[in-house]
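Listed below are the residues making up each chain.
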Amino acid sequence: MAAASPATKTKAQTKAKSPARRTRNTGRRDPLAVVLLKQDHREVEAWFDEYEQLDNDREKLALFNKIALALKVHTQIEEEILYPAERGEVEDDMLDEAYVEHDGAKKLIAELEAMKPSDEFYDAKVKVLGEYIKHHVKEEEQPGGIFAQAKKGDEDLDALGERLKARKQELMAQHGRSAAH
Ligand SMILES: [Fe+2]
Ligand SMILES: [Fe+2]
């Protein structure tokens, strides 16, 4: 069901910029796909910073769960939609490395999900996951990186952005349902 689920919206982030811009692949403004993915990156980076300020285990667990869900959904929509569409537009090595980095992040997330915040190395693992993600995000966003190469290609990144957005909503709703207990 497409019931409204306000909990999945990130208001502060979506308000900041009005996304859809009709610049094809030329202008300096980002197309929708890049706007949306960058918003996800900023959101999760802020949560990693926030995590470092916490010392309550319940709050740590809640924030980590939020980070884990965001990362799972984000990596999934990139792997299902963005990366395959960019095969041929973006250097193969760069895309291959992105998949491998996603896998590395997923393994760390799975390890953390099997732990409790009071466990030894829990905080360290969250910290390393954050650094890992920051590195990966840089590979996507830096000049000459995945997004920059994608913007030079023929793919319509506004249309792709609509697909990313729809799939993200669907996955957030699915995860939201299975997490409710
Ligand atoms: Fe990625
Ligand atoms: Fe990304």
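For the structure itself, consult the block above.
Residues numbered from 1 in each chain as written. Chains lettered and ligands numbered in written order. Predicted model: local features only at pLDDT ≥ 70, side-chain atom pairs only at ≥ 80, totals over all residues.

> Lay out the overall build of the chain with the relevant residues and their values.
Looking only at helices and strands, one finds 7 helices and 0 strands in the chain. Secondary structure elements of the chain occur, N-terminal to C-terminal, as α-α-α-α-α-α-α. In the chain, which comprises 181 residues, the share counted as buried stands at 24%. (Helix = DSSP H or I, 4+ residues; strand = E, 2+ residues; numbered from the N terminus. Buried ≥ 20, exposed ≤ 12 C-beta atoms within 10 Å, placed from the backbone.)

> Give a detailed account of the packing of helix α2 (residues 32–52) against helix α5 (residues 122–141), specifying residues and quantitative values.
Helix-helix packing is described using two parameters, namely the angle between the two axes and the distance between the axes. Where α2 meets α5, the axes come as close as 10 Å, and the angle between the chain directions of the two elements is 155°. Considered as vectors, α2 and α5 are oriented roughly antiparallel to each other. Where α2 crosses over α5, the two elements pack in a sense that is left-handed. Of α5, the residues touching α2 (which contributes K38, H41, V44, E45, F48 and Y51) are V126, G130, I133, K134, V137 and E141. Of the residues contributing to the contact of α2 with α5, the split by class is 6 nonpolar, 2 polar and 4 charged. (Axes fitted to C-alpha atoms, helices over the stretch in contact; angles between N-to-C directions. Parallel < 35°, antiparallel > 145°, perpendicular 65-115°, else oblique. Left-handed = near helix turned anticlockwise from the far one by under 90°. Contact = placed C-beta atoms within 7 Å. Nonpolar A, V, L, I, M, F, W, Y, C, P; charged D, E, K, R; others polar.)

> Could you give an account of the environment of T75, naming the residues involved and the relevant values?
Within the secondary structure, T75 is located in helix α3 (residues 57–86). Distance from T75 to D103, taken between C-alpha atoms, is 9.1 Å for residues 28 residues apart in sequence.

> Which residues make up unusual backbone geometry, and what values do they have?
Leaving glycine out, the prevailing phi sign among residues is negative, and the prevailing peptide bond configuration is trans. Although it is not a glycine, F121 adopts a positive phi angle of roughly 75°. Inspection of the secondary structure puts F121 in the loop between α4 (92–113) and α5. Classification of F121 by C-beta neighbours within 10 Å gives exposed; the count is 12.

> Which residues make up the packing of α4 against α5, and what values do they have?
Remark: α4 packs on α5, axes separated minimally by 10 Å, with the N-to-C direction vectors making an angle of 165°. Taken together, the axis directions place α4 and α5 in an arrangement best described as roughly antiparallel. Once α4 is placed against α5, the crossing between them reads as left-handed. Seen from α4, the contacting residues are A98, E101, G104, A105, L108, I109, E111 and L112; seen from α5, they are Y122, K125, V126, V128, L129, Y132, I133, H136 and E139. A class-by-class count of the residues in the contact of α4 with α5 yields 11 nonpolar, 2 polar and 4 charged.

> Which residues make up α4, and what values go with them?
The terminal C-alpha atoms of α4, which comprises 22 residues, lie 32 Å apart, in line with the 32 Å expected from a rise of 1.5 Å per residue. Among the residues of α4, A98, H102, I109 and L112 are the ones counted as buried. The buried residues of α4 occupy one face: seen down the axis, they fall within an arc of 85°. The exposed residues of α4 that point more than 90 degrees off its buried face are D92, D93, D96, V100, D103, K107 and A110. Check the buried side of α4 and you find it contacts α3, α5 and α6 (146–152). (Expected span 1.5 Å × (residues − 1). Arc of directions from axis to C-beta.)

> I'd like to hear about α5, residue by residue, with values.
In this model α5 runs 28 Å from its N-terminal to its C-terminal C-alpha over 20 residues, within 8% of the 28 Å that 1.5 Å per residue would give. Along α5, the residues classified as buried are V126, L129, I133, H136, V137 and E140. Around the axis of α5, the buried residues are gathered within 100° of arc, so they sit on the same side. Counted as exposed and oriented over 90 degrees from the buried face of α5: A124, V128, E131, H135 and K138.

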